[in-house]
Amino acid sequence: MDNTIPAWVDGTLTPVDKIEVHLRGLRHKAVSVFVLRGDRLLIQRRALEKYHTPGLWANTCCTHPHWNELPADCAARRLAEELGITGLALSPRGQVEYRAGVGGGMIEHELVDLFVGEAPEGMKIDPNPAEVMEFAWVDLEVLARQTDESPERFTPWLRIYLRKHADQILAR
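Residues numbered from 1 in each chain as written. Predicted model: local features only at pLDDT ≥ 70, side-chain atom pairs only at ≥ 80, totals over all residues. Heavy atoms only, no water.

Draft legend 1. Structural context of the pairing of strand β3 (residues 27-37). Along β3, nine of the eleven residues are buried, which leaves the element largely enclosed by surrounding structure. Sheet topology places β3 next to strand β8 (residues 106-118); ten bridges connect them, and they run parallel. From the neighbouring strand, valine 31 faces β8, where its bridge partner is aspartate 113. The sheet contact formed by β3 and strand β6 (residues 61-63) spans three bridges and is antiparallel. If you follow valine 31 over to β6, its bridge partner there is threonine 63. Alignment of β3 against strand β4 (residues 40-46), held across two bridges, turns out to be antiparallel. Opposite leucine 36, over in β4, you have leucine 41 as the bridge partner. Connecting β3 to the antiparallel partner β4 that follows it, the hairpin turn spans two residues, and glycine 38 within it adopts a positive phi of roughly 65°. (Buried < 20%, exposed > 50% of the residue type's maximum accessible area, 1.4 Å probe, protein only. Helix = DSSP H or I, 4+ residues; strand = E, 2+ residues; numbered from the N terminus. Pairing = 2+ DSSP bridges.)

Draft legend 2. Structural view of the environment of valine 9. Mapped onto the secondary structure, valine 9 falls in strand β1 (residues 4-9). Look at valine 9 and you get partly exposed, because its relative accessible area is 21%. Through-space distance from the C-alpha of valine 9 to that of valine 33 is 26 Å; in sequence the pair is 24 residues apart. Excluding residues within four positions of it along the chain, valine 9 makes contact with Thr14, Val16, Arg24 and Leu26. (Contact = heavy atoms within 4.5 Å.)

Draft legend 3. Broad picture of the packing of aromatic side chains. Enumeration over the complete set of coordinates arrives at two aromatic pairs. Taking the centre distance of 5.5 Å and the plane angle of 70° together, the rings of phenylalanine 34 and tyrosine 161 count as edge-to-face. In this pair, phenylalanine 34 sits in strand β3 while tyrosine 161 sits in helix α4 (residues 156-164), placing the two residues 127 residues apart along the sequence. Of the two residues examined, phenylalanine 34 and tyrosine 161, each falls in the buried class. Between tyrosine 98 and tyrosine 161, the ring centres sit 6.0 Å apart and the planes meet at 85°, which makes this aromatic pair edge-to-face. Highlighted residues: tyrosine 98 in strand β7 (residues 91-103) and tyrosine 161 in helix α4, separated in sequence by 63 residues. Tyrosine 161 gets classed as buried once you look at its relative accessible area, which sits at 1%. Here a set of aromatic residues connected by ring pairs shows up, and it is made of Phe34, Tyr98 and Tyr161. Looking at arginine 27, its charged tip hangs above the ring of tryptophan 8, at a distance of 4.4 Å from the centre. (Phe/Tyr/Trp six-rings, centres within 6.5 Å; stacked < 30°, edge-to-face > 60°. Lys NZ or Arg CZ within 6 Å of the ring centre and 35° of its normal.)

Draft legend 4. Inspection of the state of the cysteines at higher detail. Here the structure, examined in full by the defined rule, presents zero disulfides. Its sulfur unpaired, cysteine 61 is 6.6 Å from the next cysteine sulfur, which belongs to cysteine 62. (Disulfide = S-S within 2.5 Å.)

Draft legend 5. Quick peek at helix α2 (residues 71-83). Over its 13 residues, α2 extends 18 Å from the first C-alpha to the last, a length consistent with the 18 Å expected when each residue adds 1.5 Å. Among the residues of α2, those classed as buried are Cys74, Ala75, Arg77, Arg78, Leu79, Glu82 and Leu83. Where α2 is buried, its residues touch β3, β4, β6, β8 and β9 (132-139). Following α2 by one or two positions, glycine 84 adopts a phi angle in the positive range, close to 70°. (Expected span 1.5 Å × (residues − 1).)

And the structure:
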């Protein structure tokens, strides 16, 4: 499997090994998905086998696109791979950029395409245990409070999204 992701090296978008990207803190492309059901967000707890931030709670799913993969296609692919969710309509919510340490000497410096979907009642969720150890539907106000009170339980990017970009991502 190709482990390269699109990252900027000396100003040029280049395929680079994803571990190298994170060790060097290179700016790179990413996709984040937020699946809502009313005022509740589907969050996932990252599998313990993940190479960074294992066991931490994150938004519905996040990933890096393959080279030349469209962000919307990437979002749909990763929802299926991580949570077994297929056929969900996703709406783009623009882009954000952030930089944050994720442990182990690694840095996420991402230019992120954001997507939001509204989950129908009875939507099937079938998490891939290699990616997701647990999932939960959490009220957005409760989640904001939990990320403030116990930040060590949540990924840096989820905390950044809720603190700095909630209006862009979660506006109805």
